[in-house]
Amino acid sequence: MRDFSSGPCPIALNTATLGPRASLKDAVEGCLRHGIGALSPWRDRIAAIGLAEAARLIGDAGLAVSSLCRGGMFPAPDAAGRRAAREDNLRALDEAATLGAQSLVLVVGGLPSGSKNLAEARRQVEEGIAGLLDDARKFRVRLAIEPLHPVYAAERACVNTLGQALDLCDRLGAGVGVAIDAYHVWWDPDLSRQIARAGSAGRILGYHVSDWMVPTASVLNDRGMMGEGVIDLKSLRAEIETAGFDGPVEVEIFSQNNWWTRPVDEILSAIVQSCRNHA
Ligand code: ZN
């Protein structure tokens, strides 16, 4: 297991961590000030300044782009909706390739509006990813399926465990893998076995960290800084690294009433410190 206690930590900053007020430029400059070497931008931050300018800004700073957030949202009530989803995912792939992102994170989508058919939603997710794979291979961007905590099954993602995501990968073949987010998977009794399985299949494309607060005020926007909550992040990273993952640890904290209210430099200092001590 890599030693994070001294020297620079291999951190990737997910831009959402700085909150809705921070721009891509704020994130890039903050990374440089705090010795963070990689960025995982959200597409709205790219769109705000345009793809070419975003690529220039990140490239000039010498930052790696670990992943682009996000594609997915495949299920839709009708064919036109699914076509629109595909077109949006193609744009996301183009953006990821232009930014040099190693993967496009897929938040796959939940139930289409008006539907109670979860099995059909899951079928549409598989069909959506399968329909995107040739394009992803052409763009040389890997698709990283991110299983989300089951509480999100209706609205955000009907892929809810690492095992389920890996079953999908097995059926889809090359070019697709998983983003393992500690916040979403820490509770899973089958997690250790599935991490080992993901590693031996070469499917681990990203590892995201934050912490699970007790009590949790909001499952969407009350994530903790590493060490503030109950996830045994060091043990989790040990398992993921034992499985072969050696990429940056992506810090992704949605914290509307706490961290997002703080200045960028305070958030980034806390990230570096808590990665050293707790991640
Ligand atoms: Zn994540």
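Novice: What's the story with the coordination of the zinc ion in this structure? I'm lost.
Specialist: Ideal donor angles around a metal are set by the shape: a four-donor tetrahedron calls for 109.5 degrees, a six-donor octahedron for 90 or 180 degrees. Taken together, the protein ligands of the zinc ion are Glu146 (OE), Asp181 (OD), His208 (ND1) and Glu252 (OE), with distances of 2.0 to 2.2 Å. Metal-centred angles of 84 to 153° between the 4 donor atoms at the zinc ion mark the site as irregular. We note that the donor set of the zinc ion lies within a single chain, spaced as E-x34-D-x26-H-x43-E. Here Asp181, found in strand 7 (residues 176-181), pairs with His208, found in strand 8 (residues 204-209); they are 27 residues apart in sequence, far enough to count as distant. Taken as a pair, Asp181 and His208 share a single burial class, namely buried.

Novice: Looking at this structure, I do not really get the packing of helix 5 (residues 118-130) against helix 7 (residues 162-172). What am I missing?
Specialist: How two helices sit against one another is set out by the angle between their axes and by the gap between those axes. It is at 11 Å that the axes of helix 5 and helix 7 come closest, and there the two elements cross at 45°. Between helix 5 and helix 7, the angle falls in the class oblique. Pair helix 5 / helix 7 crosses with right-handed handedness. Contact with helix 5, carried on its side by Arg122, Val125, Glu126, Ile129 and Ala130, involves Gln164, Leu168, Arg171 and Leu172 of helix 7 and no other residues of that element. Residues of the contact of helix 5 with helix 7, tallied by class, amount to 5 nonpolar, 1 polar and 3 charged.

Conventions we followed
Per chain, the residues get numbers from 1 upward, laid out in the order the sequence is written. For this predicted model, a pLDDT threshold of at least 70 governs which residues receive local features, and a threshold of 80 or more governs which side-chain atom pairs are given and counted, while totals over whole chains, interfaces and linings are taken from all residues. Heavy atoms throughout the structure, all of them, feed into the side-chain values; hydrogens and water do not. Listed donor atoms are N, O and S within 2.8 Å of the metal (Na, K and Ca: 3.2 Å). As water is not included, a site may look incomplete. Under this scheme a four-donor centre is tetrahedral when all angles range from 85 to 135 degrees, a four-donor centre is square planar and a six-donor centre octahedral when opposite donors are above 155 degrees with the rest from 65 to 115, and any other centre is irregular. Only DSSP runs of H or I covering at least 4 residues are called helices, and only runs of E covering at least 2 are called strands; the numbering of each starts at the N terminus. When a residue's accessible area, from a 1.4 Å probe over protein chains only, is under 20% of the maximum for its type it is buried; when over 50% it is exposed; and in between it is partly exposed. To get an axis, a line is fitted to the C-alpha atoms, and for a helix only the part in contact is used. The angle between two axes follows their N-to-C directions and goes from 0 to 180 degrees. Any angle that is under 35 degrees is reported as roughly parallel, and any over 145 degrees as roughly antiparallel; angles of 65 to 115 degrees are reported as roughly perpendicular and all others as oblique. Helix crossings are classified by the rotation of the near helix relative to the far one: an anticlockwise turn of less than a right angle makes the crossing left-handed, while a clockwise turn makes it right-handed. Residue contacts are defined here by distance: any two heavy atoms, one from each residue, within 4.5 Å place the two residues in contact. Lys, Arg, Asp and Glu make up the charged group, whereas Ala, Val, Leu, Ile, Met, Phe, Trp, Tyr, Cys and Pro make up the nonpolar group; the residues left over, Gly among them, are polar.

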